Amino acid sequence: MELNVNDFMRWIELTNETIQQQKNYLTSLDQPIGDGDHGINMARGLQEVMNKLQTNEYQEPSEVLKNVSMTLLSKVGGASGPLYGTAFLKMSMAIKGLNSVSMEDFTKGLQVALDGIKQRGKSNAGEKTLIDVWSPVVEHFSNQDVTSDRLMETAKRAMEETTNTIATKGRAAYFKEKSLGHIDPGSASSFYMFEALAKVLKEKE
Ligand code: ADP
Ligand code: MG
């Protein structure tokens, strides 16, 4: 399977739709272990992304992702803006020059995006952040033929598992053991991103 400009546009469009629908839920996740703005940050950022995307024409997927990245970096306050902005920028650089992106190239893109998040956040897997969703998803892409259903399941399970960890990075780290029993908000928004990606794959399966 190969992904073209339209597939990447569709990925972002579907992500935006879900994030707008789940804005209040994402904010409610950020209330007990943060400052209650994650839904607001993400909904505002993705709305801006959509506005920008629709005013341009794109020759190749990397240009779409670069545009997404620039908007997230400049418009989303909070930790999540720079982290997602970095992820999309790294992914864009990894697939530069390709009109159509193979699963192998896309996997490389996801891998460097994850590395970028870790570097920017000075964080690693197991710290109750969005990395806990990105890591198993990247592993999934690296190890086997990705199907939309398996991608969905992997991302969903990873998000749910953040309930069982204590935060050591970001605002949630201030809550120490009290962060147990809550889903990490960034893991939930990352789940929605990969759920949207799974829908794009499903349309092509
Ligand atoms: P803020 O924490 O500044 O209010 P958001 O609420 O928008 O920003 O985003 C919070 C999410 O960002 C967390 O749920 C977590 O997933 C992610 N996050 C925060 N700090 C880090 C970090 N250092 N590394 C990776 N992810 C992080
Ligand atoms: Mg917050």
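Residues take numbers from 1 onward in each chain, read along the sequence in its written order. Key to labels: chains lettered from A, ligands numbered from 1, both in the order written. Note on the predicted model: pLDDT of at least 70 is required for a residue's local features to be given, and 80 or more for side-chain atom pairs to be given and counted; whole-chain, interface and lining totals, by contrast, use all residues. Here the side-chain values reflect all heavy atoms present in the structure, with hydrogen atoms and water set aside.

### Re the environment of N24
Its location among the elements puts N24 in helix α2 (residues 23–33). The buried label applies to any residue whose accessible area, calculated with a 1.4 Å probe on protein chains only, is under 20% of its type's maximum; exposed applies above 50%, and partly exposed to all values in between. Relative accessible area serves as the criterion here: at 62%, N24 is assigned to the exposed category. Along the backbone, N24 and P185 are 161 residues apart, and their C-alpha atoms lie at a distance of 11 Å. A run of H or I in DSSP counts as a helix once it spans at least four residues, and a run of E counts as a strand once it spans at least two, with each numbered from the N terminus.

### With respect to the packing of aromatic side chains
Two rings from Phe, Tyr or Trp (for Trp, the six-membered ring) form a pair when their centres are within 6.5 Å of each other. A pair whose planes differ by under 30 degrees is stacked, one over 60 is edge-to-face, and the rest are tilted. For the structure shown, the criterion picks out seven aromatic pairs. Arranged with centres 5.8 Å apart and planes meeting at 70°, the rings of F8 and F106 form a pair that is edge-to-face. With F8 in helix α1 (residues 5–21) and F106 in helix α6 (residues 103–121), this pair connects stretches of sequence that are 98 residues apart. A relative accessible area of 2% means that F8 is categorised as buried. Residue F106 is classed as buried on the basis of its relative accessible area, which comes to 1%. Judged by centre distance (5.9 Å) and plane angle (80°), the ring pair of W11 and F106 falls under edge-to-face. Separated by 95 residues along the polypeptide, W11 in helix α1 and F106 in helix α6 bring together distant segments of the chain. An aromatic cluster is built from F8, W11, F88, F106 and F141, whose rings are joined through pairwise contacts.

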